[in-house]
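Listed below, chain by chain, are the residues.
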Amino acid sequence: GQSLEQPSEVTAVEGAIVQINCTYQTSGFYGLSWYQQHDGGAPTFLSYNALDGLEETGRFSSFLSRSDSYGYLLLQELQMKDSASYFCAVGVYNQGGKLIFGQGTELSVKP
Amino acid sequence: GAVVSQHPSWVICKSGTSVKIECRSLDFQATTMFWYRQFPKQSLMLMATSNEGSKATYEQGVEKDKFLINHASLTLSTLTVTSAHPEDSSFYICSAGPTSYEQYFGPGTRLTVT
């Protein structure tokens, strides 16, 4: 089966850096994706890692360690608009884009 | 990024009626699309994989006779909730992507069954 674990909620202040961890157990793993979802909206794609290491996209970075079945999303220079739910999702090999989502981490950014 | 649209964005229907939700990829072709359901404050639950020109693949526990999926073209998949009941009220979201690892989500359809 597939399972992902991430913290249910994280709180941080504007301008700070926050890291959201994700551990997974899955067969046929081929990549870890991160999505952001604001209340009432649809998820938006943030980042993807297929290989070990760090991927940087502006204020957001994502890291993957395949040997540890672990990844994280790093958000820098936090802004109020970053308050949202963040989901890690595992891509399953040979299933054409099928994603298994974690339960989501609700990030609250305080002034 | 790629654009995926959904229609309608919200719908209210009476118990026992059927509702059709459309998912379109606007600037790319998608042989595969995915349908998810999301309850408030919960994660996305994959319902089924929609395959162009063939039958959909349903996840365990999802009733295929209740949630009919048709993927008639490379840019359109439809989900029909048949004989809807209040417990079917949820946020339904589709996804598609130009590559297998980068999925883009439609804006979602909020279904309320009264």
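Note: the structure precedes this text.
On a predicted model such as this, the values are computed, not experimentally measured, just so you know. Residues take numbers from 1 onward in each chain, read along the sequence in its written order. Each chain gets a letter, beginning with A, and each ligand a number, beginning with 1, in the order they are written. Thresholds applied to this predicted model are a pLDDT of at least 70 for local features of residues and 80 or more for the giving and counting of side-chain atom pairs; totals over whole chains, interfaces and linings are not thresholded and use all residues. Heavy atoms from the whole structure form the basis of all side-chain values; hydrogens and water molecules are not counted.

Trainee: Honestly, the overall build of chain A in this entry has me stumped. Any pointers?
Mentor: Here a strand is any run of E in DSSP of at least two residues, a helix any run of H or I of at least four, and the numbering for each starts at the N terminus. Helix and strand counts for chain A come out as zero helices and 11 strands. Expected size for 111 residues packed as a compact globule is a radius of gyration near 13 Å; at 13 Å, chain A falls within 12% of this value. Principal-axis analysis of the C-alpha atoms gives chain A an extent of 45 × 30 × 20 Å. Looking at chain A as a whole, 48% of its 111 residues are labelled buried. Two residues qualify as a contact provided that any one of their heavy atoms is within 4.5 Å of a heavy atom in the partner residue. In chain A, of all internal contacts separated by at least 6 residues, the share reaching a separation of at least 24 is 56%. Shrake-Rupley sampling with a 1.4 Å probe provides the accessible areas, and residues are treated as covered by the protein chains on show and by no other component. Taken as a whole, chain A presents about 5300 Å² of accessible surface, with 46% of it coming from carbon and sulfur. For the radius of gyration, the atoms used are the C-alpha atoms, and the globule rule reads 2.2 Å times the number of residues raised to 0.38. When a residue's accessible area, from a 1.4 Å probe over protein chains only, is under 20% of the maximum for its type it is buried; when over 50% it is exposed; and in between it is partly exposed.

Trainee: Quick question: what am I supposed to make of the sheet that holds strand β8 (residues 70–75) of chain A here?
Mentor: All names here are of chain A. Being paired, for any two strands, means DSSP has found at least two bridges between them. Pairing in this open sheet of five strands is antiparallel, and the strands run β1-β3-β8-β7-β6 from one edge to the other. The sheet terminates laterally at β1 (3–5) and β6 (53–57), the two strands that pair on one side only. Across the sheet, the mean angle separating the axes of adjacent strands is 20 degrees when strand polarity is ignored. All axes are obtained by fitting lines to C-alpha atoms, using only the stretch in contact for helices, and the reported angles, taken between N-to-C directions, cover 0 to 180 degrees.

Trainee: Before we go on, may I ask you to explain the interface of chain A and chain B in this structure?
Mentor: It is common to give the size of an interface as the accessible area that goes away when the parts come together. Taken together, the contact between chain A and chain B spans 21 residues of the former and 21 residues of the latter. Here chain A meets chain B over a buried area of about 1600 Å², counting both sides, of which 58% is carbon and sulfur. Two parts placed together each lose some accessible area under a 1.4 Å probe, and the buried area is that loss summed for both. The largest per-residue losses of area from chain A upon contact with chain B belong to Phe45, Lys98 and Phe101 of chain A, which jointly make up 25% of the total buried on that side. Any carboxyl oxygen of Asp or Glu that lies within 4 Å of a side-chain nitrogen of Lys or Arg is treated as forming a salt bridge with it. For the pair chain A and chain B, the interface holds two salt bridges. A salt bridge links Lys41 of chain B to Glu106 of chain A, with the nearest nitrogen and oxygen atoms 4.0 Å apart. Pairs of N or O atoms within 3.5 Å make up the polar contacts considered here, provided that, within protein, one atom can donate a hydrogen while the other can accept it, and that residues adjacent in sequence are counted only when both atoms are side-chain atoms. At the boundary of chain A and chain B, one finds four residue pairs in polar contact (both at pLDDT 80 or more). Counting residues per element, the ones that place at least two in the side of chain A that touches chain B are β4 (29–37), β5 (44–49) and β10 (99–101) of chain A. No other element matches the four residues that β4 of chain A contributes to the side of chain A that touches chain B. Among the residues making up the side of chain A that touches chain B, the classes are represented as nine nonpolar, nine polar and three charged. Gly falls in the polar group here, along with every residue not listed as nonpolar (Ala, Val, Leu, Ile, Met, Phe, Trp, Tyr, Cys, Pro) or charged (Asp, Glu, Lys, Arg).

Trainee: I tried to follow the pattern of salt bridges on my own but got confused; where do I start?
Mentor: Where charged atoms from two side chains of opposite charge approach closely, those side chains can pair. All names here are of chain B. Here the structure, examined in full by the defined rule, presents five salt bridges over all chains. Salt-bridge contacts for Asp88 lead to Lys66; the nearest nitrogen and oxygen are separated by 2.9 Å. Of this pair, Asp88 sits in the loop between β8 (76–81) and β9 (90–96) while Lys66 sits in the loop between β6 (57–58) and β7 (67–73), placing them 22 residues apart in sequence. By the burial criterion, Asp88 is buried, and Lys66 matches it.

Trainee: How do you make sense of the sheet that holds strand β3 (residues 19–25) of chain B when you look at a structure like this?
Mentor: Either a parallel or an antiparallel arrangement is found when strands of a sheet pair, and the pairing is made through backbone hydrogen bonds. Residues and elements named next belong to chain B. Spatially, the four strands line up as an open sheet ordered β1-β3-β8-β7, and their pairing is antiparallel. Edge positions in the sheet fall to β1 (4–7) and β7, since each has one partner strand and no second. The average undirected angle you get between the axes of adjacent strands in this sheet is 15 degrees. Pairing geometry for β1 and β3, over four bridges, is antiparallel. Paired with Gln6 across the bridge in β3 is Cys23.

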